[in-house]
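Breakdown of the fold
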Amino acid sequence: MQYTDNQYKQATKIREIDASVRFDIPVNPQHPFYVDFSHVRGEFQEKVIYKALNVNPRDFTYTTSPFNKSLLFLGGMRGSGKTSELSKYTLNLDNPDCFFVVTCNIDNELDLNDMEYMDILIFQVEKLLQKAKDNDLNIDDEILVKLKNWFSERVHEINSYVRKEGGVDFGAEAKTPSLLLGILNITGRLKAGISVGKDNATKIRNVFKQRFNDFAQIFNNFIEEVNFILRRDRIAKEVLFIIDGLEKTMSADTRKMIIIDESNRLRQIKVNTIITLPIELMSKRNILEQFSTVASFPFVKIMEKDGQLRNQAIDKFKEFIFKRINENLFESIEVVEKAILFSGGSPRELLRILEYTNYFIEEDNTRIDLKSLDKALKKLSSQSVNYLTEEDFKKLKQIKENNSQNKPVPFDETLQKLLEELIVFEYNDGSYKRVNPIVELSDAYKIYV
């Protein structure tokens, strides 16, 4: 990923803070803002991720197995830093002794309002072929002909179906100078067709669903033949897909449909894959672990249940802040530490706090002061509880009481909702939950809890 100057410049003036605390630009280990939190995430150990992929975490070499493709779900809360973590995995794993890593950011290129598993699979084919083209991968024509013919037949079926139903078809297939570009042309047209309307998307998806067994076989054979070429040309040992952004789809029902309802189709696809798992689907862990590995990627634990601070984690967050904002812009270190404590160990929440604090800095002020931070926290706390119900507050009270007694919190739909909305934070492997510190600051929380 290439970064422009304003995407990695440390703020040395108040007016530069807004650009430095943006959380919509993911950072990888090569980015000047990157901070490695791997040693302060409680019980989480990244070597578990590598071993689940049959990778030696010491030298990042992959042990191939024709019958053992790894499907790994990396579950965690929004804002925990999963995308940056995945960028680190890509950097480590994309090498000749390991994987040909293909990253699929579905939140950037697919319709978050209307998405199904078939859309993601077509997107995977497109991204793999695009990376093959960019890397001059010498895929045999015989392999590409099989894939292109199969897709062309499906387009013909879709056009016949659409005409019969009175819709608009895809039109004639465009002539391209190569087979690979021809397939990319088809996948691009399919993606465009899915995005133009619900009716059109349904017709396209139905054709693929009816032929899914054929598609899975064609897909799996294509992957194996690409894997053979990767090994033959000493580019990598196998393909690894990283599918990120599922949690950003607009509906929890959509996410459940893609992962849980389509689990039988997920099982049929035989390729090494990491998929980020929305927090609410971690409750389906027992189902998913029947055919995959599920790892929990928690927030950074900055405070124990008994209130004891974890100074190593706090120091990491200071590094996180000072890489983005010059230390001299803060009135005192107390301002920095208070912002960290109210972040609850969420990198994104900390950036949001700093963003709001910047809004409240007086025009003639040249430093970030405690007064501005307090105004920001008050505003955020008020917003956070506006739509909480009496049932929600009962659950928050139960969490507070159980933590004081070192008891686990029983899972239910209310807790799931509160986790999804970042009212409650999760740590370790999910065994430790606490109320978002910003919520605790609100008047409503003080009254009800």
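Since the structure is predicted, the reported quantities are computational estimates derived from the model, not experimental observations.

**Regarding the overall build of the protein chain**
- Within the protein chain one finds 20 helices and nine strands.
- With the principal axes as the frame, the protein chain shows a C-alpha extent of 65 × 45 × 45 Å.
- Here the protein chain holds 449 residues, and the buried ones make up 52% of them.
- Look at the contacts in the protein chain between residues 6 or more apart in sequence, and 72% of them connect residues 24 or more apart.
- Carbon and sulfur atoms form 46% of the exposed surface of the protein chain, whose accessible area is close to 20,900 Å².
- Here the protein chain contributes 64 positive and 68 negative side-chain charges, whose respective centroids are spaced 1 Å apart.

**Observations regarding the confidence of the model for the protein chain**
- Per-residue pLDDT for the protein chain averages 90, and the proportion of residues at 70 or more is 95%.
- Within the protein chain, no element has a lower average pLDDT than helix 6 (residues 141–164), which sits at 85, and none a higher one than helix 14 (residues 333–343), at 98.

**Quick word on the pattern of salt bridges**
- Scanning the model with the defined rule gives 44 salt bridges in all.
- Of the charged contacts, one joins Glu116 and Lys209 as a salt bridge, the two residues approaching to 2.7 Å between their closest N and O atoms. Of the two residues, Glu116 sits in the loop between helix 4 (106–109) and helix 5 (117–134) while Lys209 sits in helix 8 (residues 198–210), which places them 93 residues apart along the sequence.
- The residue Glu157 makes a salt bridge to Arg154 at a minimum N-O spacing of 2.5 Å. With a gap of three residues between them, Glu157 and Arg154 both fall in helix 6, about one helical turn apart.
- Given the relative accessible area of 3%, Arg154 is considered buried.

**Observations concerning the nonpolar core**
- Grouped together as the largest cluster of nonpolar side chains are 86 residues, with contacts concentrated most on Phe73, Phe151, Phe208, Phe215, Ile259 and Leu396.
- Per-element tally for this core: the top contributor is helix 5, with ten residues.
- Every residue in contact with Phe73, bar those within four places of it in the chain, is listed here: Ile259, Leu266, Ile275, Leu277, Leu288, Phe291, Ser292, Thr293, Val294 and Ala295.
- Of all hydrophobic cores here, the second largest spans 35 residues; its members include Val40, Ala339, Leu350 and Ile361.

**Some details on helix 7 (residues 179–195)**
- The end-to-end C-alpha separation of helix 7 is 25 Å, in line with the 24 Å expected for 17 residues at 1.5 Å each.
- Among all positions of helix 7, only Leu180, Gly182, Ile183, Leu184, Ile186, Thr187, Arg189, Leu190, Lys191, Gly193 and Ile194 are buried.

**Considering the packing of aromatic side chains**
- Under the defined criterion, the tally for this structure stands at 22 aromatic pairs.
- Arranged with centres 5.8 Å apart and planes meeting at 55 degrees, the rings of Phe37 and Phe320 form a pair that is tilted. One end of the pair, Phe37, is in the loop between helix 1 (17–20) and helix 2 (46–52); the other, Phe320, is in helix 13 (residues 311–324), with 283 residues separating them in the sequence. Comparing Phe37 with Phe320, the two get one shared label, buried.
- Ring centres 6.2 Å apart and planes at 80 degrees place the aromatic pair Phe151 and Phe215 in the edge-to-face group. Highlighted residues: Phe151 in helix 6 and Phe215 in helix 9 (residues 212–232), separated in sequence by 64 residues. Each member of the pair, Phe151 together with Phe215, is buried.
- Taken together, the aromatic side chains of Trp150, Phe151, Phe208, Phe212, Phe215, Phe219 and Phe241 make up a single cluster linked through ring pairs.
- Over the ring of Phe100 we find Lys131, and its NZ or CZ is 4.7 Å from the ring centre.
- In this arrangement the basic side chain of Arg265 is found over the ring face of Phe212, its NZ or CZ atom lying 5.2 Å from the centre.

**Regarding the layout of surface pockets**
- By volume, the largest pocket amounts to about 1,000 Å³.
- Taken together, 43 residues make up the lining of the largest pocket; nearest its centre are Pro26, Val27, Thr83, Ser84 and Ser87.
- Contributions of two or more residues to the lining of the largest pocket are made by helix 3 (82–93), strand 4 (99–105), helix 4, strand 5 (238–244), helix 13 and helix 15 (347–360).
- No other element matches the eight residues that helix 3 contributes to the lining of the largest pocket.
- Split into classes, the residues belonging to the lining of the largest pocket amount to 17 nonpolar, 13 polar and 13 charged.
- Estimates place the volume of the second largest pocket at around 300 Å³.
- Mapped by element, the contributors of at least two residues to the lining of the second largest pocket are helix 15 and helix 16 (370–384).
- Ranked by the residues each element gives to the lining of the second largest pocket, the list is headed by helix 15, at three residues.
- Across the lining of the second largest pocket, the residue classes tally to five nonpolar, five polar and five charged.

**Some thoughts on empty space enclosed by the protein**
- Applying the stated rule across the entire model yields three cavities of 30 Å³ or more.
- In this structure, the largest cavity occupies an estimated 80 Å³ of space.
- Taken together, Leu71, Tyr117, Gln124, Ile243, Leu266, Ile269, Val271, Thr273 and Ile275 make up the full set of residues lining the largest cavity.
- Secondary structure elements with two or more residues in the lining of the largest cavity: helix 5 and strand 6 (272–277).
- Residues belonging to the lining of the largest cavity are distributed by class as follows: seven nonpolar, two polar and no charged.

Quick notes on the rules
- Residues numbered from 1 in each chain as written.
- Predicted model: local features only at pLDDT ≥ 70, side-chain atom pairs only at ≥ 80, totals over all residues.
- Heavy atoms only, no water.
- Helix = DSSP H or I, 4+ residues; strand = E, 2+ residues; numbered from the N terminus.
- Buried < 20%, exposed > 50% of the residue type's maximum accessible area, 1.4 Å probe, protein only.
- Contact = heavy atoms within 4.5 Å.
- Areas by Shrake-Rupley, 256 points an atom, 1.4 Å probe, with all protein chains shown as cover.
- Lys, Arg positive; Asp, Glu negative; His and termini not counted.
- Charge placed at Lys NZ, Arg CZ, Asp CG, Glu CD.
- pLDDT = per-residue confidence, 0-100.
- Salt bridge = Lys/Arg side-chain N within 4 Å of Asp/Glu carboxyl O.
- Core = buried A, V, L, I, M, F, W, Y, C linked by side-chain atoms within 4.5 Å.
- Expected span 1.5 Å × (residues − 1).
- Phe/Tyr/Trp six-rings, centres within 6.5 Å; stacked < 30°, edge-to-face > 60°.
- Lys NZ or Arg CZ within 6 Å of the ring centre and 35° of its normal.
- 1 Å grid on protein atoms, 1.4 Å probe; cavity = no way out; pocket = protein on both sides within 12 Å on 5 of 7 lines; lining within 4 Å.
- Points joined across faces, edges and corners; volume = space filled by probe spheres on them.
- Nonpolar A, V, L, I, M, F, W, Y, C, P; charged D, E, K, R; others polar.

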